[in-house]
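Analysis of the macromolecular model
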Amino acid sequence: MQTEVLIIGGGITGAGIARDLALRGVNCVLAEKLDINAGASGANHGLLHSGARYVSSDLALAKECWEEASLLKRMAPQCIDNTGGLFVAVVGDDEKYVADFPHLCAQSHIPVREVDLKDAHEMEPALSDQIIAVYQVEDAAIDPFKLSMENIFQACEFGCNMLRHTEVIGFVKDNRRIQATRMRNSLTGKTFLIEAEQIVNATGAWAGLVSGLAGIDIHILFSKGSLLVTHSRITKQVVNRLRPSSNADILVPGGTVSILGTTSIRIDAIEDIRPTVQEMDMIVGEGAKMLPVLEKTRYIRAYAGVRPLVGSSSDGNDRGVSRAFALINHEGQGLNNFVTITGGKLTTYRLMAEKTADLVCRRLNVTSPCRTIADPLPSAQAAQWTEPGLAPRLWLKHHEPEDVLICECEMVPKSTVDCIIDSIHQQNGQPDLKAIGVRSRIGKGACQGTICGIRLLAYLYHKGELNTDQGLKSLREFLRERWRGVRPLLWDMPLIQAEMQEALYCGLFGLELYNDSNE
Amino acid sequence: MTDPKIIECDLLVIGTGMAGSAAALFAANRGVSVVQVGIISEIIFASGLLDLMGVHPIQKQRIWDNPWAAIDTVSKDIPGHPYAKLNEKDIRNAFAETLSFFTSAGIRYSSYKNRNVRVLTPVGTIKPTYCVPHTMWAGVKALEDQQPCLIVDIHGLKGFNARQITVMVKQYWPGIHSASIAFPDTGHLSEVYPEQMARALELASNREKLAKVIRPFVKDYHVVGVPAILGLYHTQDILNDLQEKIGVPIFEIPTMPPSVTGLRIKEAFEKYLPKIGVRLFTQKRVLDVDTIDSGKRFVSKVGDDKIHFKVLAQGIILASGRFIGKGLHADRKQIHETIFDLPVYQTGDRSRWHLKDFLDSRGHPINRAGLETDHLFRPFDRSGHPAFQRLFAIGSILAHQDWIRMKCGSGLAIATAYKAVNAFIDMIDAQ
Ligand SMILES: Cc1cc2nc3c(=O)[nH]c(=O)nc-3n(C[C@H](O)[C@H](O)[C@H](O)COP(=O)(O)OP(=O)(O)OC[C@H]3O[C@@H](n4cnc5c(N)ncnc54)[C@H](O)[C@@H]3O)c2cc1C
Ligand SMILES: Cc1cc2nc3c(=O)[nH]c(=O)nc-3n(C[C@H](O)[C@H](O)[C@H](O)COP(=O)(O)OP(=O)(O)OC[C@H]3O[C@@H](n4cnc5c(N)ncnc54)[C@H](O)[C@@H]3O)c2cc1C
């Protein structure tokens, strides 16, 4: 296979680069070892930062967030819930920090407004009566799945080729160039080569591992962060704790739910990341200081992601851009068709993509300018189904009697599943339970997939999407994936749900008696 | 407000699941006056299969052909397992008495004497169990003999696909095939429900129509499998009638809950337990229990959000289940017993309750938490002695078992009920 640019990593950064390059007319392939947003892009807080959070720690990042967030609100409003945000201090928080905060915001030209405590309680009745100061900023919530999918959809429309389940496993080098990149399809095990003029390493926390395959050292430390999803939405706006960044100090609304987090724990390895019971208890305890209902509320899911902390690379660091993300051209290390982009934020993904594409285009002698700064991101129908509460709204509005629900908790009808199946086919994929789960709310409601897992599986057989006994494996993987997110939250109602799930899948079906090998 | 009315009885059974209902049955059969309280609607989650003992040790995934040998072995390997407090004769008697009740209530069961059977599930797995509703028996035989078999699914019935089932088992059952039909008079519906079809099939005219739809597919198949929809009340007659009309044996495959097979059990308990004298309250909970006469008698408050009446009893059988049944409750720190606050055998802190892999063959440790008892199933207090002379705990609330993985749910429920009821009667008689 040949292409002008091979982009490695199907997170938001890779997706953004694919779109940027495709819009400039560059031919590219986007390769992802698992599925869209399998890394940090699928495991973050979904906060479109106004920048206020970084005013005391990193002014450049703060400004960058402010500018990019403002731009995205215009370019991709369909992915954003422009909720606004509050910064809230409670009794015992550092008063000097509280006093400095509005000035620091002003210095970076980030809008901020002091809110009277009584008004704050009116805006957000869930706030603790222990609050001592409240400021309002322009934070918003963003749907990272929709954002990545829409970037990829447009990139594909402009000729980009997306390869899911395709992992980079090595490079064939010659002089100062990578001649070819060795790929493996993780479903079939087949390996093949891609010859590209330029290679972009957009693998986030994996960037050091991938560059290592080319013999290049990038020193990356891993910081794990865990988050919890509540059963219902707790606040209208984003709520931040007004103190230096710490554990569990942000609550972000997302459709009908809220997301609480996060932690920051140094880890050594990045595979098989899971939220733990200790983290959950800590997050709930801390969060409850701002919003006491968090102590009692029902949680339906937890997840964890890894932030790459880019240490000192030997040289070639494009420091001119920003300290927030690292764009490494690797020329100093003897390669001139390889680029690494890592770190940064979801909020600044577009800028990261632009700077990366600029560098790649210079090397390719492509002169067309970046278009993502002025062209709105088009909506894609198949990309909308991850938004909590959307499928039910549409279903109730346009309800066709034959459009029955596959998932009752989240009210996902057949038509939505059909739309997602088509989109997976368009990207040369084969739908299975997990892939549909990633692209919709299926399995994310109160039953955690207990009922809809069975229904979706039967529906895939009904449609002929599954034809062999691989469905059992698909079901097991789907259940394991869901389990990863509920295991640390199993007390009270969710524990009852988990027991029901096991009674059904193991008690009645005996699914645990089937090994992966004899499927 | 007037004082709530007091109902007197010998025995109060808390719980309307399999364990509580078996206890009420055994007690009533022995002339004991029984009051039974619980939320019966939950039993419709059950599948109708009666597991006795199927898998041990679970981490080795050893599936036993002979459940009695399995019980013997588990009793030796896990001395705290409830089966270790029971003997084979009692378990056999308990089963026989329960099955004869079901027969009189219109639900016939089938099993081998000393052998587990294997049944097809709606996802296409095969599960070991002991005793199945007779409507499933032809399927058990068909699988054993690998008969040419047709599985039929129904348009609009979610979560049940015949092709899925057949491709999953094809490798060891090559003669199995699938077909898809529309249930009579539902062409205009995009969704159909098992209960609705079961009710329809109570009418002969609908059976005639269904047979007509299925018949053209039957061809050379020896047996036909359908989702469990063959009636609610006259299931045996409906099965016979359809078999005659189609010309080959038919069997039911359990469906996902809430299922008709669960509903049949609910209806049987609800209708027939009162006929043998059980005073059954199916929409109420026991809110709180006090003892009088230095722990020899119990006064239980019964109601929903407020008290409706009190029950004065000589003994209580606690069959309140685990987390689903609400006999146990867990907060972030530990597991509690909900009515008496009895000590619960814990399996470490929350980080140890569940394993990382949902399907880990070792089974989740929390499933072994529960009440520890003496050999008569009297739960212990914190000092390790029976908490009350005539309080018994039975069924899934008991510690040191994992009914889900060992496939022993109904067996444990029925057998522990039998022993507790007999122990209670012996104590009363000795007075
Ligand atoms: C807990 C947490 C909370 C966060 N919250 C926010 C927030 O609220 N707001 C915000 O703006 N930012 C937030 N971030 C940061 C944001 O999530 C990341 O900046 C962003 O998602 C990074 O995207 P990426 O595409 O660079 O990396 P990733 O999303 O990690 O993508 C890398 C991809 O590369 C793939 N890959 C790896 N190795 C290979 C290989 N050999 N071959 C092929 N593919 C490979 C991976 O499977 C993965 O899909 C948060 C991060 C974390 C961890
Ligand atoms: C999905 C599923 C599949 C199953 N599949 C099988 C199977 O294939 N084979 C098999 O043998 N068994 C199966 N079972 C049934 C299982 O065997 C039984 O649920 C188990 O044996 C537990 O029975 P139990 O009576 O101890 O508890 P439960 O059935 O949980 O009953 C507890 C009862 O106690 C009542 N209760 C609780 N608290 C109070 C209170 N304060 N006051 C009054 N009443 C109270 C509840 O309302 C309920 O009626 C399945 C169950 C489920 C949920």
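No experiment lies behind these values; they were computed from the predicted model shown. (Residues numbered from 1 in each chain as written. Chains lettered and ligands numbered in written order. Predicted model: local features only at pLDDT ≥ 70, side-chain atom pairs only at ≥ 80, totals over all residues. Heavy atoms only, no water.)

Of regular secondary structure, chain B possesses 11 helices and 17 strands. Against the globule reference of 22 Å for 431 residues, chain B gives a C-alpha radius of gyration of 23 Å, in line with a compact fold. Along the first, second and third principal axes, the C-alpha set of chain B runs to 70 × 50 × 40 Å. The buried share among the 431 residues of chain B stands at 60%. The contacts of chain B with a sequence gap of at least 6 include a subset with a gap of at least 24, amounting to 68%. Here chain B displays about 16200 Å² of accessible surface, and carbon together with sulfur accounts for 51% of that area. Averaging the locations of the 51 positively and 43 negatively charged side chains of chain B gives two centres separated by 3 Å. (Helix = DSSP H or I, 4+ residues; strand = E, 2+ residues; numbered from the N terminus. Rg over C-alpha atoms; globule rule 2.2 N^0.38 Å. Buried < 20%, exposed > 50% of the residue type's maximum accessible area, 1.4 Å probe, protein only. Contact = heavy atoms within 4.5 Å. Areas by Shrake-Rupley, 256 points an atom, 1.4 Å probe, with all protein chains shown as cover. Lys, Arg positive; Asp, Glu negative; His and termini not counted. Charge placed at Lys NZ, Arg CZ, Asp CG, Glu CD.)

Turning next to the site of ligand 1. Residue and element names in this part refer to chain A. In the region of ligand 1, 37 residues are neighbours, and T13, E32, S41, L47 and T347 sit closest. Residue S41 places a side-chain N or O atom 2.5 Å away from an oxygen atom belonging to ligand 1. Within the complex, the protein chains bury 96% of what would otherwise be the 1000 Å² of accessible surface of ligand 1. Contributions of two or more residues to the shell around ligand 1 are made by α1 (12-23), β10 (166-174), β13 (220-230) and β18 (299-310). Of the residues assigned to the shell around ligand 1, the class counts are 14 nonpolar, 18 polar and five charged. Shared between two domains, the shell around ligand 1 takes at least three residues from each, and those domains are domain 1 (2-40 + 145-220 + 323-364) and domain 2 (76-141 + 223-309). (Near = heavy atom within 4 Å. Polar contact = N/O pair within 3.5 Å; in protein donor to acceptor, adjacent residues only side chain to side chain. Nonpolar A, V, L, I, M, F, W, Y, C, P; charged D, E, K, R; others polar. Domains from an automatic or database assignment.)

Between chain B and chain A, the contact holds 53 residues from the first and 55 residues from the second. With both sides pooled, the region where chain B packs onto chain A buries about 5100 Å², and carbon together with sulfur makes up 62% of that total. Counting across the chain B and chain A interface gives eight salt bridges. Across the salt bridge formed by D281 of chain A and R332 of chain B, the nearest N and O atoms sit 3.3 Å from each other. (Buried area = accessible area lost by both parts, 1.4 Å probe. Salt bridge = Lys/Arg side-chain N within 4 Å of Asp/Glu carboxyl O.)

Before going further, it helps to spend a moment on the nonpolar core. Ranked by internal contacts, the top residues of the largest apolar core, which has 231 residues, are I7, L21 and I442 of chain A together with Y83 and F340 of chain B. Take this core: its biggest share by element is 12 residues, from helix α11 (residues 409-430) of chain B. The contact partners of Y83 of chain B, leaving out residues within four places of it in the chain, are L52, M53, I71, V74, S75, I91, C408, G411, L412 and A415 of chain B. Grouped together as the second largest cluster of nonpolar side chains are 29 residues, L6, L163, I267 and I273 of chain A included. (Core = buried A, V, L, I, M, F, W, Y, C linked by side-chain atoms within 4.5 Å.)

What follows is about the site of ligand 2. Around ligand 2 lies a shell of 33 residues, among which T16, A19, V286, S396 and S410 of chain B are the nearest. At the site occupied by ligand 2, nearby residues are drawn from chains A and B. S396 of chain B places a main-chain nitrogen or oxygen 2.8 Å from an oxygen atom of ligand 2. In the environment of ligand 2, an oxygen atom lies 3.1 Å from a nitrogen or oxygen atom belonging to the backbone of G409 of chain B. Here ligand 2 loses 94% of its free accessible area of 970 Å² to cover by the protein chains. Contributing elements (two or more residues each) for the shell around ligand 2: α14 (492-508) of chain A together with α1 (18-29), β12 (285-292) and α11 of chain B. Tallying contributions element by element places α14 of chain A first for the shell around ligand 2, with five residues. A class-by-class count of the residues in the shell around ligand 2 yields 16 nonpolar, 13 polar and four charged.

This part takes up a negative patch on the surface. Taken together, the side chains of E114, D116, D119 and E122 of chain A define an acidic patch exposed on the protein surface. Inspection of the secondary structure puts E122 of chain A in helix α4 (residues 117-123). (Patch = residues over 30% accessible without salt bridge, like charges linked within 9 Å, V, L, I, M, F, W, Y side chains within 5 Å.)

Right, let's get into the sheet that holds strand β4 (residues 80-81) of chain A. Residue and element names in this part refer to chain A. Here we have three strands laid out as an open sheet, ordered β3-β8-β4, and antiparallel in their pairing. Strands with a single pairing partner mark the edges of an open sheet, and in this sheet they are β3 (47-48) and β4. Bridge count between β4 and strand β8 (residues 140-142): two bridges; the pairing is antiparallel. Each residue of the ladder has a partner; that of I80, found in β8, is I142. (Pairing = 2+ DSSP bridges.)

For any two aromatic rings, the description comes down to two numbers: the centre-to-centre distance and the angle of the planes. Residue and element names in this part refer to chain B. What the rule picks out here adds up to 18 aromatic pairs over all chains. Aromatic pair F298 and F388: ring centres 5.5 Å apart, planes at 75 degrees, arrangement edge-to-face. Taken together, the positions of F298 in strand β13 (residues 297-303) and F388 in the loop between β16 (335-337) and β17 (391-393) put the pair 90 residues apart, joining distant regions of the chain. Take F298: its relative accessible area is 0%, and that puts it in the buried class. Assessed through its relative accessible area of 23%, F388 is described here as partly exposed. (Phe/Tyr/Trp six-rings, centres within 6.5 Å; stacked < 30°, edge-to-face > 60°.)

This part is about the domain arrangement of chain B. Accessible area lost when the parts come together is the quantity often used to give the size of an interface. All names here are of chain B. By the assigned domains, chain B splits into domain 1 (5-103 + 264-429) and domain 2 (122-253). The distance between the C-alpha centroids of domain 1 and domain 2 comes to 33 Å. If you look at the interface, domain 1 gives 15 residues, while domain 2 gives 16 residues. Between domain 1 and domain 2, a total of about 1200 Å² is buried, with carbon and sulfur atoms accounting for 61% of that surface. It is L49, R264 and E267 that lose the most area in domain 1 upon contact with domain 2, and together they represent 48% of the buried surface on that side. Residue K127 pairs with D51 through a salt bridge whose shortest N-O separation is 2.6 Å. Among the elements of the structure, α2 (67-77), α3 (88-104) and α9 (260-275) are those that each provide at least two residues to the side of domain 1 that touches domain 2. Partitioned by chemical class, the residues of the side of domain 1 that touches domain 2 number nine nonpolar, two polar and four charged.

The next point concerns the domain arrangement of chain A. Residue and element names in this part refer to chain A. Domain annotation for chain A reports domain 1 (2-40 + 145-220 + 323-364), domain 2 (76-141 + 223-309) and domain 3 (381-508). Computed from C-alpha atoms alone, the centre-to-centre distance between domain 1 and domain 3 is 30 Å. Contact with domain 1, which involves 11 residues of that partner, is made by 15 residues of domain 3. Between domain 1 and domain 3, a total of about 1100 Å² is buried, with carbon and sulfur atoms accounting for 57% of that surface. At the junction of domain 1 and domain 3, the tally comes to one salt bridge. With its nearest N and O atoms 2.9 Å apart, the salt bridge here joins D35 to R439. Applying the counting criterion to the domain 1 and domain 3 interface returns one residue pair in polar contact (both at pLDDT 80 or more). Counting only elements with at least two residues in the side of domain 1 that touches domain 3, the list comes to α5 (144-157) and β9 (161-163). Examining the composition of the side of domain 1 that touches domain 3, we find that six residues originate from one element, α5, more than from any other. Here the residues of the side of domain 1 that touches domain 3 are counted per class, giving six nonpolar, one polar and four charged.

Residues and elements named next belong to chain B. Within the open sheet, the four strands sit side by side as β8-β7-β9-β10. Their pairing is parallel. The open sheet has two free edges, formed respectively by β8 (176-181) and β10 (250-253), since each of these has just one partner strand. Averaged over all pairs of adjacent strands, the angle between strand axes in this sheet comes to 30 degrees, irrespective of strand direction. Across six bridges, the pairing between strand β7 (residues 149-154) and β8 is parallel. Bridge pairing links V152 to A179 in β8. Against the sheet, helix α5 (residues 162-169) makes contact with β7, β8 and β10, and its axis sits at roughly 175 degrees relative to β8, the strand it touches most. (Axes fitted to C-alpha atoms, helices over the stretch in contact; angles between N-to-C directions.)

The gaps of empty space that remain are located by a probe, the size of a water molecule, rolled over the atoms. Residues and elements named next belong to chain A. Applying the stated criterion across every chain yields a total of eight cavities of 30 Å³ or more. What lines the largest cavity is a set of 13 residues, among which Q448, V486, L490, P494 and Q497 lie closest to the centre. For the lining of the largest cavity, the elements supplying multiple residues, two or more each, are β18, α13 (470-486) and α14. When residues in the lining of the largest cavity are grouped by element, the largest group, four residues, is from α14. Here the residues of the lining of the largest cavity sort into eight nonpolar, four polar and one charged. Among the domains, domain 2 (76-141 + 223-309) and domain 3 (381-508) are the pair contributing at least three residues each to the lining of the largest cavity. (1 Å grid on protein atoms, 1.4 Å probe; cavity = no way out; pocket = protein on both sides within 12 Å on 5 of 7 lines; lining within 4 Å. Points joined across faces, edges and corners; volume = space filled by probe spheres on them.)

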